[in-house]
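A look at the structure
Spelled out from the first residue to the last, the chains are:
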Amino acid sequence: DHRDLHSCPTRRSSDLALDEAEDYARERYQGGDRIIRHDTVAHLILNNRARINAARAGLWKAMAANDSKMDPETGALNGTPDVVESVLAKCFATDAAAQATVDAVQCFGGYGYMHDYPVNKRMRDARSLGLLFGTSPELMTYLKHHLEEG
């Protein structure tokens, strides 16, 4: 299924946003110390890194499950795609990206909401790209019907 591939741009936005937040946190001083040394900021960045890594692994797993059903010579799909795995990967990746970019904006404080900093655009990109092919609640409803049918 192609749905899992559409989460990749949101994951890239979140990677860039977290890189920018980490760089900013290494430069910005508050209370006489760099804000990266504050537990709240460091935990925010690290938790989101873990979430994005898990999303990446889920995307890879979904793509590998569907690639294994491809005929290497013709590229035709043998059997049905793993829709459940693909939709779950898409939902998790887009939700993780949205949360990571919002948290990255928070690392910047009020500056994160200014258009002068690219982290603001990354947050908007992650939110809008997450709407491609349905929101997570819509896709979960689709999965519910898929599971009910067996």
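This structure is a prediction, so every number in the text was calculated from the model and none was measured. (Residues numbered from 1 in each chain as written. Predicted model: local features only at pLDDT ≥ 70, side-chain atom pairs only at ≥ 80, totals over all residues. Heavy atoms only, no water.)

**Some thoughts on the packing of helix α2 (residues 39-67) against helix α3 (residues 83-107)**
Here is the rule: Convention adopted: a line fitted to C-alpha atoms gives each axis, helices being fitted over their contacting stretch, and angles between N-to-C directions are expressed from 0 to 180 degrees. The helix and strand labels rest on DSSP assignments: H or I over at least four residues marks a helix, E over at least two residues marks a strand, and numbering proceeds from the N terminus. Small angles under 35 degrees read as roughly parallel and large ones over 145 as roughly antiparallel, with 65 to 115 read as roughly perpendicular and the rest as oblique. Crossings are sorted by hand: turned counterclockwise from the far helix by less than a right angle, the near helix makes the crossing left-handed, and turned clockwise it makes it right-handed. Ten residue types, Ala, Val, Leu, Ile, Met, Phe, Trp, Tyr, Cys and Pro, are classed as nonpolar, four, Asp, Glu, Lys and Arg, as charged, and the remainder, Gly among them, as polar.
At a closest axis distance of 9 Å, the pairing of α2 and α3 adopts a crossing angle of 160 degrees. Looking at the two axes, α2 sits roughly antiparallel to α3. Viewed along their axes, α2 and α3 form a crossing whose handedness is left-handed. Considering only residue class, the contact of α2 with α3 consists of 15 nonpolar, six polar and four charged.

**Some words on the packing of aromatic side chains**
Aromatic ring pairs: the centre-centre distance and the angle between the two ring planes describe each pair. Under the convention used in this document: Two aromatic rings, drawn from Phe, Tyr or Trp (for Trp, its six-membered ring), form a pair once their centres lie within 6.5 Å of each other, and the interplanar angle then sorts them: stacked below 30 degrees, edge-to-face above 60, tilted otherwise. Here the term buried applies to any residue with accessible area under 20% of the maximum for its type, exposed to any over 50%, and partly exposed to those in between, with areas from a 1.4 Å probe on protein chains only.
Throughout the structure, instances matching the rule amount to four aromatic pairs. Seen in terms of ring centroids, Y24 and F108 are 4.4 Å apart; in terms of plane orientation they differ by 20 degrees. Their pairing is stacked. Of the two residues, Y24 is situated in helix α1 (residues 8-27) and F108 in the loop between α3 and α4 (118-129); the sequence distance between them amounts to 84 residues. Assessed through its relative accessible area of 10%, Y24 is described here as buried. Residue classification places F108 among the buried positions, given a relative accessible area of 6%.

**A look at the pattern of salt bridges**
Pairing of side chains with opposite charge becomes possible as their charged atoms draw close. Which entries qualify depends on this criterion: The rule for a salt bridge is simple: a side-chain nitrogen of Lys or Arg has to be within 4 Å of a carboxyl oxygen of Asp or Glu.
Scanning all chains against the criterion turns up nine salt bridges. Its salt-bridge partner being E22, residue R26 comes within 2.7 Å of it at the nearest N-O pair. Of the two residues, R26 and E22 are both situated in helix α1; the distance of four residues between them amounts to about one turn of the helix. R26 gets classed as partly exposed once you look at its relative accessible area, which sits at 41%. The structure contains a network of salt bridges with shared partners spanning D19, E22, R26 and R49.

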